[in-house]
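If you want the building blocks of each chain, they are given just below.
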Amino acid sequence: MAIGVILALMGTACLIQLANIQLINGKTMAQAAAQSRTITVTLKARRGKIMDTNGSILAQSVERYTIIGNPEEAQAFTPTTCTKQTGDNCHQVDGKPVGATGAAAVARLLAPVLDMDATELGAMLSGTGQYAVLKKDVTPAVKRKISKLNLGGIVYAELSNERIYSNGTLMGALLGGVDGEGKGVAGIEQMENKTLTGEDGYQVYQQGNNGVEIPGTMTESKDAVNGSDVTLTIDHDVQWYVEKVLRESCEKYSSPWGIAVVQDTQTGDILALADSDEIEAGSDQAKMTVSRAVSETFEPGSIGKVFTMSGMIQLGLHQASDKFTVPDDHITVNGQTYSDATTHGAEHWTLAGILEQSSNVGMIIAGEKMSNEQRYDFIRKFGIGQDNRLGLPGESDGLLYSADQWDLRTQNTVLFGQAYTTNALQLTNAVAVIANKGVKKPQRIIKTISDAEGHSEEQKPKGEATRVIDEQVASQVMNAMESVSDHYSQFIKVDGYRVAAKSGTAEVAGADGRLSSIISDYSAIIPADNPRFVVTVVLKEPQGVFGGLTAGPVTAEIGEFLMQKYEVPASSLRTDAIPVTW
């Protein structure tokens, strides 16, 4: 009877508890159970692609997975022996029993697939908690192999993306890279980070003990929106060729580095922005390095004579045909002595001849009536010392002091491209003013942006075209620049095409802080009779020193490639040369 009473009481208690669970707290407990099984899974958005002007992919994000382990479940794991009854729902290594239990067994199964050491994996799965990152950036093929290991609930994959740069060092520092979170931290990746970055989505559902979604339990979801694709104005083929030529030229002239820019004169598009540094795109070095072609500043040297000569003619002080007597290879003004690069006696040169011979003394004589303010204004109108508005990270505006800050020497050295600094992009666009008949056009490096749905939008250059000098002034300067090119024609030429050019050589500060280093540069408009491109090359301390003898031949080599690639019609014969002597 006592036992019967006890059993009756126990049964009554169970019935009461059952009623409590089922009738009173049933809904709450069911919700709690569902909540414990419910997870929110992030759907990673793909970062947009970066492409060249022809659609060649320079950077893209590909589907990858992060492999996650559950240490608590791994330590409780017991492998299932493979028999006829278990079928494929079993565990073995190379057709043999696993030979272990717990984390060690999981590691033995997983190690060959992940190409990792089993001991290392076992240690990672022997910790506490339910979340341990085992390996990142795993391919879909590897993820599928893991799915066949029957380790659901113990090992699973989270979707991620890996940034791939398919061209190695091509545009390495210019493209930059992304950090571990997929955020652009350098180069174009940083500049266009907002455009390239998508918006992650999510799914909320219940999962079973094996970690797989329970069908019909998804309660909420939002699709990921991939980032927009960015198409550059850069032409992959031109960029590759220019980088190749730069590296070869640096070796030939024993130059520490070189820079080159190719600009379409008609559109302001940058077709190549290259330097000789070999940096892998996306590498740690690329993430910490600003492209030299963007950041390096230097004195333009005698290329600067193009700007001040333009100012003299625009102001009505001279014409390119005006005659000058340059008495010697040096001149002293206000106690300051200035010299030409070569020794000569008295010469009869026109203003065009002064540019052709690149005479510092001649520029000082010709510029006598040009005030300091006028000298400053024209250098600035050509874009020197100003933001190019391309938005490239690390770009320097250069340095151009206002006229009221010039000393007695600076007021004359600015006439021939010294005492102020610029960068290769600025210098190229300044020379393009002559090619564009006196109009300064804004540059562009982003061509189009295409969203995830495929809608493409043309990107306009930032800024408006502005007239710097009259068309007839630009024509005279172009004529004189073509005479400069003819002056070097024995070793700088592009067969079948007329070229207008100017060379420069300038002393710049070296590592010792003194004017102990040399910059040699050359900027060319090709073809001169129907301008299509401006090419600028800058070399640091080349053997041969003078820009016309070092950077000049490199420019011509690039120009020849451009003429062939774009099938530019050959030039007509030159018949209107302004005399350079009298």
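Thresholds, definitions, all that
Per chain, residue numbering runs from 1 following the sequence as it is written. In view of the model being predicted, local features appear only for residues whose pLDDT reaches at least 70, and side-chain atom pairs are presented and counted only at 80 or more, with totals across whole chains, interfaces and linings using the full set of residues. Note that water and hydrogens are dropped before the side-chain values are worked out from all heavy atoms of the structure. For cavity detection a 1 Å grid was placed over the protein atoms alone, and a set of points counts as a cavity when a 1.4 Å probe fits there but cannot get out; an open set counts as a pocket when protein lies on both sides within 12 Å along at least five of seven lines, with lining residues being those that have an atom within 4 Å of a point. Grid points are joined across faces, edges and corners, and a volume is the space filled by probe spheres set on the points. Numbered from the N terminus, helices here are DSSP runs of H or I no shorter than four residues, and strands are runs of E no shorter than two. In the scheme used here, Gly and all other residues not listed as nonpolar or charged are polar, with Ala, Val, Leu, Ile, Met, Phe, Trp, Tyr, Cys and Pro taken as nonpolar and Asp, Glu, Lys and Arg as charged. Only heavy atoms enter the contact rule, under which two residues are in contact if any of them lie within 4.5 Å. Here, any two strands with at least 2 DSSP bridges between them count as paired. Fitted lines through C-alpha atoms serve as axes, helices being fitted only where they are in contact, and the angles separating the N-to-C directions of these axes extend from 0 to 180 degrees. Under the scheme applied here, a residue whose accessible area is under 20% of the maximum for its type counts as buried, over 50% as exposed, and between as partly exposed, the area being computed with a 1.4 Å probe on protein chains only. Here a polar contact is recorded for every N or O atom pair within 3.5 Å, except that within protein the pair must consist of a potential hydrogen donor and a potential acceptor, and residues adjacent in sequence are included only if both atoms are side-chain atoms. Residues grouped as a nonpolar core are buried Ala, Val, Leu, Ile, Met, Phe, Trp, Tyr and Cys residues, joined through side-chain atoms within 4.5 Å. Pairing of aromatic side chains here covers Phe, Tyr and the six-membered ring of Trp, requires ring centres within 6.5 Å, and sorts the geometry by plane angle: under 30 degrees stacked, over 60 edge-to-face, intermediate tilted. Should the NZ of a Lys or the CZ of an Arg lie within 6 Å of a ring centre and within 35 degrees of the ring normal, that charge is described as sitting over the ring.

Draft legend 1. Spotlight on the layout of surface pockets. In this model, the second largest pocket occupies a volume close to 810 Å³. Lining of the second largest pocket is provided by 37 residues; of these, S302, A341, N360, T505 and F546 occupy positions nearest its centre. Of all elements in the fold, only β16 (336–339), α14 (351–357), α17 (410–413) and β23 (500–508) reach the threshold of two or more residues within the lining of the second largest pocket. The element best represented in the lining of the second largest pocket is β23, accounting for 6 residues. Looking at side-chain class alone, the lining of the second largest pocket contains 12 nonpolar, 18 polar and 7 charged residues.

Draft legend 2. Quick look at the environment of K143. Position of K143 among the secondary structure elements: in helix α6 (residues 140–147). Through-space distance from the C-alpha of K143 to that of G184 is 27 Å; in sequence the pair is 41 residues apart. Filtering out sequence-adjacent residues up to four positions away, K143 remains in contact with Y65, V138 and A157.

Draft legend 3. Structural detail: the sheet that holds strand β25 (residues 533–540). Taken in spatial order, the 5 strands line up as β12-β11-β25-β24-β23 in an open sheet, and their pairing is antiparallel. Either end of the sheet is taken by a strand with one partner, and the two such strands are β12 (270–275) and β23. On average, adjacent strands in this sheet sit at an angle of 10° to one another, irrespective of strand direction. Sheet topology note: the β23/strand β24 (residues 517–526) ladder contains 9 bridges and is antiparallel. Each bridged residue has a counterpart across the sheet, and for V508 the counterpart in β24 is S517. Strands in contact with helix α19 (residues 471–487) are β23 and β24; relative to β23, the strand with the most contacts, it is inclined by about 75°.

Draft legend 4. A look at the environment of Q130. Position of Q130 relative to the elements: it lies in the loop between α5 (118–124) and β4 (132–138). Accessibility expressed as a relative area gives 48% for Q130, which makes it partly exposed. Residues Q130 and I154, 24 residues apart in the sequence, show an inter-C-alpha distance of 8.9 Å. Engagement of the side chain of Q130 in a polar contact is seen with the side chain of E72, the distance being 3.3 Å.

Draft legend 5. Up close: the pairing of strand β3 (residues 57–69). One ladder, built from 2 bridges, connects strand β2 (residues 50–51) with β3; its direction is antiparallel. Directly across from M51, in β3, lies its bridge partner I57. Linking β2 back to β3 in an antiparallel pair, the connection comprises 5 residues, with G55 at a positive phi of about 95°. Looking at chain direction, β3 and strand β5 (residues 155–164) are connected through 10 bridges and run antiparallel.

Draft legend 6. Representation of the nonpolar core within the structure. Membership of the largest hydrophobic core comes to 122 residues, with the highest contact counts inside it found for V262, L273, L392 and I558. Looking at this core element by element, the count peaks at 9 residues for helix α18 (residues 424–435). Ignoring anything within four residues of it in the chain, the contact list for L392 reads L174, I188, M191, L273, V294, L425 and I445. Residues A103, V106, A107 and L110 belong to the second largest nonpolar core, which totals 25 residues.

Draft legend 7. Geometry of the packing of aromatic side chains. Scanning all chains against the criterion turns up 7 aromatic pairs. On the numbers, 6.4 Å between centres and 75° between planes, the contact of Y338 with F416 is edge-to-face. Taken together, the residues Y338 in strand β16 and F416 in the loop between α17 and β18 (422–423) connect sequence positions 78 residues apart. An identical accessibility class is assigned to Y338 and F416; each is buried. Through a chain of ring-to-ring contacts, the aromatic side chains of Y488, F491 and Y522 assemble into a single cluster. Across the ring face of F378, the terminal group of K381 is positioned such that the distance to the ring centre comes to 4.7 Å. When the ring centre of Y566 is taken as reference, the NZ or CZ atom of K565 above it lies at 5.4 Å.

Draft legend 8. The arrangement of the pairing of β25 in detail. Burial of β25 is extensive: 8 of the 8 residues sit out of reach of the surface. Residues F533, V535, V537 and L539 point to one face of β25 and V534, T536, V538 and K540 to the other, with burial holding for every one of them. By the bridge criterion, 7 bridges tie strand β11 (residues 258–264) to β25 in an arrangement that is antiparallel. Of the residues in β25, the one forming a bridge with V261 is T536. Bridge analysis of β24 against β25 gives 8 bridges, and the strand direction is antiparallel. Residue S523 lies in a different strand from β25, and its bridge partner there is T536. Taking the residues between adjacent antiparallel strands as the criterion, β24 and β25 are bridged by 6 residues.

Draft legend 9. Looking closely at the sheet that holds strand β9 (residues 220–222). If you walk across this open sheet you meet the 3 strands as β1-β8-β9, and the pairing is antiparallel. The open sheet has two edge strands with one neighbour each: β1 (38–43) and β9. Sheet twist, expressed as the average angle between the axes of neighbouring strands with direction ignored, equals 20°. Here strand β8 (residues 201–206) pairs with β9 via 3 bridges, running antiparallel. When the sheet's bridge partners are listed, V204 is paired in β9 with E220.

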